[in-house]
Amino acid sequence: MTIRIIRPGLLTTIQDLGRTGFQKFGVSPSGAMDRRALSVANLLVGNAAGEAGLEMTLTGAEMEFTVPNVVAVTGGNFAPVLNGASVPLCAAFPVKAGDTLSFGAAQNGCRCYAAFAGGLNVPVVMGSKSTNLKCGIGGFEGRKLKAGDEIGFSAPAAYLPDLGRRFLDYREPKEKEATLRVVLGPQDDCFTEAGLRTFLESTYTVTNRSDRMGCALDGPKVEYRTKADIISDGIPFGAVQIPSGGKPILMLSDRQTTGGYAKIATVLSTDLPLFVQRKAGDKIHFEKISMRKAQAARRREFREMLKLQDKFL
Amino acid sequence: MSGMRILAAGDCALSAEFGNAISEEINGRVMAMDAAVRAAEIPGVTETVPTYRSLLVCYDPYVISFGVLSRRLRGLARKLDASAAGPKRVVEIPVCYGGKYGEDLADVARLTGLSEDEVVRLHASRDYRIYMLGFLPGFAYLGGMDKRLAVPRLATPRQAIPAGSVAIGGEQTGVYPMASPGGWRLIGMTPVKPYDPQRAGPILYHAGDFIRFRPIPEPEFQAIQKLAGRGEYQCRISISEGGR
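Scoring rules and cut-offs
In this numbering scheme, every chain counts its residues from 1 along its sequence in written order. The naming scheme follows written order: chains are lettered A onward, ligands numbered 1 onward. Side-chain atom pairs in this predicted model are given and counted only at pLDDT of 80 or more, local residue features only at pLDDT of at least 70, and totals for whole chains, interfaces and linings cover all residues. By convention in this description, side-chain values take in all heavy atoms of the structure and omit both hydrogens and water. Here a helix means four or more residues in a row that DSSP labels H or I, a strand means two or more in a row labelled E, and each is numbered from the N terminus. For this measure, only C-alpha atoms enter the radius of gyration; the expected value for a globule follows 2.2 Å times N^0.38, where N is the number of residues. Think of it in three bands: with a 1.4 Å probe and only protein chains considered, a residue is buried below 20% of the maximum accessible area for its type, exposed above 50%, and partly exposed in between. Any two residues whose heavy atoms approach within 4.5 Å are treated as being in contact. The accessible surface values rely on the Shrake-Rupley method and a 1.4 Å probe; as for residues, cover is taken only from the protein chains in view. Charge counting treats Lys and Arg as positive and Asp and Glu as negative, with His and both chain ends excluded. To locate a charge, the coordinates of NZ of Lys, CZ of Arg, CG of Asp or CD of Glu are taken. The source of the domain bounds is an automatic or database domain assignment. Reported buried area values correspond to the accessible surface (1.4 Å probe) lost by two parts on association, with both partners' losses combined. Take a side-chain nitrogen of Lys or Arg and a carboxyl oxygen of Asp or Glu: if they are within 4 Å of each other, that pair is a salt bridge. In the analysis that follows, any N or O atom pair within 3.5 Å is treated as a polar contact, provided that within protein one partner can donate a hydrogen and the other can accept it, and provided that, for residues neighboring in sequence, both atoms belong to side chains.

1. Focus: the overall build of chain A
When its secondary structure is counted, chain A shows four helices and 20 strands. Computed over C-alpha atoms, the radius of gyration of chain A comes to 20 Å, within 12% of the 20 Å expected from 2.2 N^0.38 for 313 residues, which places it in the range of a compact globule. Dimensions of chain A, computed from the C-alpha atoms along their principal axes, are close to 60 × 35 × 30 Å. Looking at chain A residue by residue over its 313 residues, the buried ones come to 59%. Look at the contacts in chain A between residues 6 or more apart in sequence, and 75% of them connect residues 24 or more apart. Of the accessible surface of chain A, which amounts to about 11900 Å², a share of 53% is contributed by carbon and sulfur atoms. For chain A, the distance from the average position of its 40 positive side-chain charges to the average position of its 31 negative side-chain charges is 2 Å.

2. Considering the domain arrangement of chain A
Residues and elements named next belong to chain A. Split into domains, chain A comes out as domain 1 (2-171) and domain 2 (177-302). For domain 1 versus domain 2, the separation of C-alpha centres amounts to 28 Å. The interface of domain 1 with domain 2 comprises 26 residues on the first partner and 17 residues on the second. Summing both partners gives a buried area of about 1700 Å² for domain 1 against domain 2, and 47% of it is carried by carbon and sulfur. Counting across the interface, domain 1 meets domain 2 through two salt bridges. If you look at where domain 1 meets domain 2, you find 16 residue pairs in polar contact (both at pLDDT 80 or more).

3. Section: the interface of chain A and chain B
Contacts between the two partners involve 40 residues from chain A and, on the opposite side, 44 residues from chain B. Summed over both sides, the interface between chain A and chain B buries roughly 3300 Å², with carbon and sulfur atoms accounting for 63% of that surface. By the criterion of area lost to chain B, the three top residues of chain A are A:K24, A:F25 and A:I231, representing 22% of everything that side buries. Our enumeration of links across chain A and chain B arrives at one salt bridge. The partner of B:R5 in a salt bridge is A:D189, and the shortest N-O contact between them spans 3.8 Å. Put simply, chain A and chain B have 12 residue pairs in polar contact (both at pLDDT 80 or more) between them. Considering every element that reaches the side of chain A that touches chain B, the biggest residue donor is helix α4 (residues 291-312) of chain A, with eight residues.

This is how it looks when you write it as structure tokens:
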């Protein structure tokens, strides 16, 4: 009842929607970087949106199945191939015992997700199956996958009803420039008017100083009123920190739970998938919107997920 | 209790801020607010993160909006008093000081002009407030160390400080809950595990608790370590009325 990893890819980990309730103890939430992609993959194979799947980064894995199951692949296009024939993204497809599913390098996007009907049978640590690399907990032995690993399925399904209907339109995220909507705060008052303008009107470039904890951007420096340091406070997913160098850092899934740099803004939860699919060299802009609009966008996405759940469960 | 500011922290969190200083009074309000929010069981609130001077409240905007949640929190803040955080809870952490357990104790003694025994006595003579947990799972930001114990951090940080190390860096002291690089000076080691992901309560203490260090000799260290390894050691916890 397993997936056998033949080739792990650059950084493949098991992730769900994260570890909730332990940030107060200093435990990073972890979880999929592109939560929408993982959720959609799960819904396509009839799982709850928050089941654990595989997150691949920049280069994909190759794996063999020892039992039949139903699989869906979402997120960046890593050119998935089943026994030599390409399979579409955002569509559930069956696999048989002995089948090989392999992924190449990212054609577009940065992170690709694979979900499996019935989910993955790994221990739940502090309420989550997500891998926390720094602490070595969760997922498969608390680490990234390597060749030879065998990951169990919880309840594989040889068959799902309406398999032909389990697909969505896949839109290739082609554009090299992305606009990320932000809500200003909590420490936007640490910055000058000119600094806020710089932040909102400049183009920033994704650098290769990027991992599951955070992503450093390059571009014009954001000017402080006095200093970069604040008394440490909590850090939400998507917070934009401005350290003393003036260049933004986006805080992501494996972020530390508290920090002492001023946070000028927070990227909308609905726009984070767009960001985490960027590669080094890609350009981004920030656009300020109101809390009301931000929460309306969040609610819209939630309703869309509910619709998918109704359709595929 | 007034003086709370509500700040946006994206569409799924907000920060309730009680001041802009590290003080027992402000941190006490944060802890009282955290307790009040948890007790109120507000639908949609998923998680809270108390820190030095603010409480991050994570929530699901599908269930509750920023505006409605802010009103609820202001209502709770108006009714807060310091006792809301509950009685003072002191968690006793046994520590074997010096020797191979605290390689830098001699240096700390030299740098502070105290004897090793004096360093140990001063370090173990206080209840340290846990202002917040962060940096690593179970890493406690402690306040209230005797200023006479302040020593500069190491010029070159160690690659790996073992889990359980008790250390001093600048005017701060703390316990490393897991192995980590670090530049603090090691004065001792505790045989208990402040963080154990397999334990039912993975972290030994909460923000708002106090820590008291109890010096122990090496044989007791080894005895406790055996018990702790089997999950059979319980830290002594004293609870006293009088608030945090």
